[in-house]
Amino acid sequence: MTLTTFALVRHGQTDWNAQRRLQGGTDIPLNDVGRGQARDAVSVLSGHEWDAVVSSPLSRAAETANLIAEGLGISVARHVPELTERSFGQAEGMQDGPELDALRIPGGFQGAETEDDAASRGLGALEALAEEFRGRRVLVVAHGTLLRVSLSRAIGRTLHSIDNAVLNLAHHHADEGWHLEYYNGERLAADVPA
């Protein structure tokens, strides 16, 4: 059985994360807390050899990937556009409240990428990486919503928010699909179906 192992890490904190604003495709940089979170992630990830590091091209993910890769003594292989965060359209930059509520429609926001489309795009990117790096270990730095909806589709179970710069460890087998071993830094019980 050939397993491809993925460390799936959400970027470190940004000012918009701290303010609870929707970021989506808006390119908001890491803040100092986020840089510290990225450096702290190295200790968890350093227990394994990683064959490749890839990230979303948005600066918050790219900088997180660079900081982690530097701490591991490797380099980022490339940026994958399909790993960009789900677009929230006009809702980007908004916080919860009446203005955001006015943009809500079933499944998201007016003018935004649907959750289903984001899941298809994100999971497609992960499966392409699984094929490219079959049997190897890949560290992917991306975004909370994209990782959440992609993993939810992959394992057939609804996941909730993904924390900044913590380990989500998943395994892909070409015939058996996906298995999630760690979620938000916690090992999942072996008898819990993923």
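Residues numbered from 1 in each chain as written. Predicted model: local features only at pLDDT ≥ 70, side-chain atom pairs only at ≥ 80, totals over all residues. Heavy atoms only, no water.

Visitor: Is there a simple way to think about helix α3 (residues 59–72) in this case?
Guide: Residues spaced three or four apart along an α-helix face the same direction, because each turn holds 3.6 residues. A rise of 1.5 Å per residue sets the reference length of α3, with its 14 residues, at 20 Å; its end C-alpha atoms lie 20 Å apart and thus fit the reference within 8%. By the burial criterion, the buried members of α3 are R60, A61, A62, T64, A65, L67, I68 and A69. Taken from the residues just after α3, G73 is the one with a positive phi, measuring 75°. (Helix = DSSP H or I, 4+ residues; strand = E, 2+ residues; numbered from the N terminus. Expected span 1.5 Å × (residues − 1). Buried < 20%, exposed > 50% of the residue type's maximum accessible area, 1.4 Å probe, protein only.)

Visitor: I'm lost on the pattern of salt bridges in this one. Help?
Guide: Opposite charge on two side chains lets them pair, provided their charged atoms get close. This model, assessed by the stated rule, comprises 11 salt bridges. Of the charged contacts in the structure, one is a salt bridge between E132 and R78, with a shortest N-O distance of 2.4 Å. Here E132, found in helix α5 (residues 115–132), pairs with R78, found in strand β3 (residues 78–79); they are 54 residues apart in sequence, far enough to count as distant. For R78, a relative accessible area of 31% translates into the label partly exposed. A salt bridge links E115 to R86, with the nearest nitrogen and oxygen atoms 3.9 Å apart. In this pair, E115 is assigned in helix α5 and R86 in the loop between β3 and α4 (98–103), connecting sequence segments 29 residues apart. Under the relative-accessibility criterion, R86 is labelled buried at 4%. One salt-bridge network, held together by shared partners, links D32, R35 and E63. (Salt bridge = Lys/Arg side-chain N within 4 Å of Asp/Glu carboxyl O.)

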